[in-house]
Amino acid sequence: MHDVIELVRTDDAIAKMRVVELLESFTGVGKVRAIAILDRLGISKTRRLQGLGTHQRDALIKEFAIPRVNLDVGSLIVLSGPGGVGKSTVSKEIRKRNDFWVSVSATTRAPRGNEVHGVDYIFMSDEEFDRGIANGFFLEWAHFAGARYGTPRQHVIDALHEGKDVLLEIEIKGAKQVKESWAHSILVFLEPPTWEDLVSRLEGRATDNPERRAERLALAQDEMAQAPFFDHILINDEVEKVVASLIRLVHSQRS
Ligand code: ADP
Ligand code: 5GP
């Protein structure tokens with residue numbers, strides 16, 4: 001985006017191009033999403049590139065910025081693995097210790113127990129989630145156990161540009177989507193010490209009813225087979241050890 005905007009000064013054809021046409025020419029941005037982005041950034045649908053104001057230009061560049069690995073930009077680490085392995089336990093520990101900036105996901109599932117909107121999840125209706133997909137709000141999103149989950153894109157980009165290391169704790173399909181768009185992301189697969197440990201962790205969790213637990217166990221079997229797609233595999237025998245390994249991985253990418 002930055003390169004195209006630079007051409008406005010020297011290339012008449014680019015200067016006269018409508019912004020909406022430029023957006024539609026990008027992979028993954030159809031008509032609906034292009035118009036939604038323009039609405040969100042307060043840019044008229046008929047605006048040509050040469051007519052953009054400074055703020056509008058900056059907002060468009062930021063919208064399509066692709067973080068690169070350098071000293072000014074943080075690392076993106078994606079923690080995934082089968083349900084019940086301990087992903088949210090690890091990410092809660094990281095959040096408590098402030099080791100990384102931890103993304104808060106959006107979901108269409110109902111809040112459990114004492115989960116707080118905006119802290120544990122951004123709880124959304126199906127309609128809100130649909131709108132989020134259409135206007136490019138999500139960096140990745142996936143269906144999981146009857147609900148939809150997604151990572152708000154802009155918060156992650158802002159944190160990375162502020163030089164923060166960012167942790168996403170997400171399921172496997174979403175982790176693969178992140179790798180496709182950001183090759184430099186570090187994909188970590190968390191494994192239980194044994195299958196029996198996974199079963200007892202899932203069964204020990206009071207938040208799922210027996211039917212739901214059986215469903216999650218069946219799914220976990222498929223999920224365990226996805227480990228080879230990941231950059232690193234960590235065994236969650238002790239939460240502290242996993243946290244230390246994640247910090248080491250980020251440091252070694254930087255050096
Ligand atoms: P996930 O987010 O991957 O679905 P959770 O973080 O909810 O998994 O953990 C599932 C259960 O396993 C919880 O009861 C949690 O306390 C427990 N657990 C997590 N990590 C460990 C560990 N290293 N050793 C023993 N139990 C653990
Ligand atoms: P739970 O309902 O137990 O909180 O989460 C269910 C699953 O959704 C977990 O495996 C969790 O990692 C995953 N998840 C949470 N947030 C996101 C997200 O933003 N995107 C994706 N793809 N998965 C997520």
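This one's a predicted model, so the numbers in the text were calculated from it and none came from an experiment.

Section: the site of ligand 2
Taken together, 16 residues are adjacent to ligand 2, and Ser105, Arg109, Tyr121, Tyr149 and Glu169 come closest. Take Ser105: an N or O atom from its side chain is 2.7 Å from an oxygen atom of ligand 2. In this structure, an oxygen atom belonging to ligand 2 sits 3.1 Å away from a main-chain N or O atom of Gly150. Relative to its unbound accessible surface of 510 Å², ligand 2 loses 94% to contact with the protein. Structurally, ligand 2 is housed in the largest pocket. Going through the elements one at a time, β5 (138-144) and β6 (147-152) are the ones with two or more residues in the shell around ligand 2.

What about the pattern of salt bridges?
This model, assessed by the stated rule, comprises 17 salt bridges. A salt bridge links Lys164 to Glu162; the nearest nitrogen and oxygen atoms lie 2.8 Å apart. Residue Lys164 is classed as partly exposed on the basis of its relative accessible area of 34%. Looking at Glu162, the relative accessible area reads 53%, which means it is exposed.

Looking at the domain arrangement of the protein
It is common to report an interface's size as the accessible area lost on association of the parts. Splitting the protein by domain gives domain 1 (2-63) and domain 2 (76-254). Computed from C-alpha coordinates alone, the two centres of domain 1 and domain 2 are separated by 33 Å. With 7 residues of domain 1 at the interface, the matching set in domain 2 holds 6 residues. Surface buried jointly by domain 1 and domain 2 totals about 580 Å² across both partners, of which 40% is contributed by carbon and sulfur atoms. When the buried area of domain 1 at its contact with domain 2 is split by residue, Arg33, Lys62 and Glu63 rank highest and sum to 66% of it. Here domain 1 is connected to domain 2 by 2 salt bridges.

Scoring rules and cut-offs
Residues numbered from 1 in each chain as written. Chains lettered and ligands numbered in written order. Predicted model: local features only at pLDDT ≥ 70, side-chain atom pairs only at ≥ 80, totals over all residues. Heavy atoms only, no water. Near = heavy atom within 4 Å. Polar contact = N/O pair within 3.5 Å; in protein donor to acceptor, adjacent residues only side chain to side chain. Areas by Shrake-Rupley, 256 points an atom, 1.4 Å probe, with all protein chains shown as cover. 1 Å grid on protein atoms, 1.4 Å probe; cavity = no way out; pocket = protein on both sides within 12 Å on 5 of 7 lines; lining within 4 Å. Sits in = over half its atoms within 2 Å of the grid points. Helix = DSSP H or I, 4+ residues; strand = E, 2+ residues; numbered from the N terminus. Salt bridge = Lys/Arg side-chain N within 4 Å of Asp/Glu carboxyl O. Buried < 20%, exposed > 50% of the residue type's maximum accessible area, 1.4 Å probe, protein only. Domains from an automatic or database assignment. Contact = heavy atoms within 4.5 Å. Buried area = accessible area lost by both parts, 1.4 Å probe.

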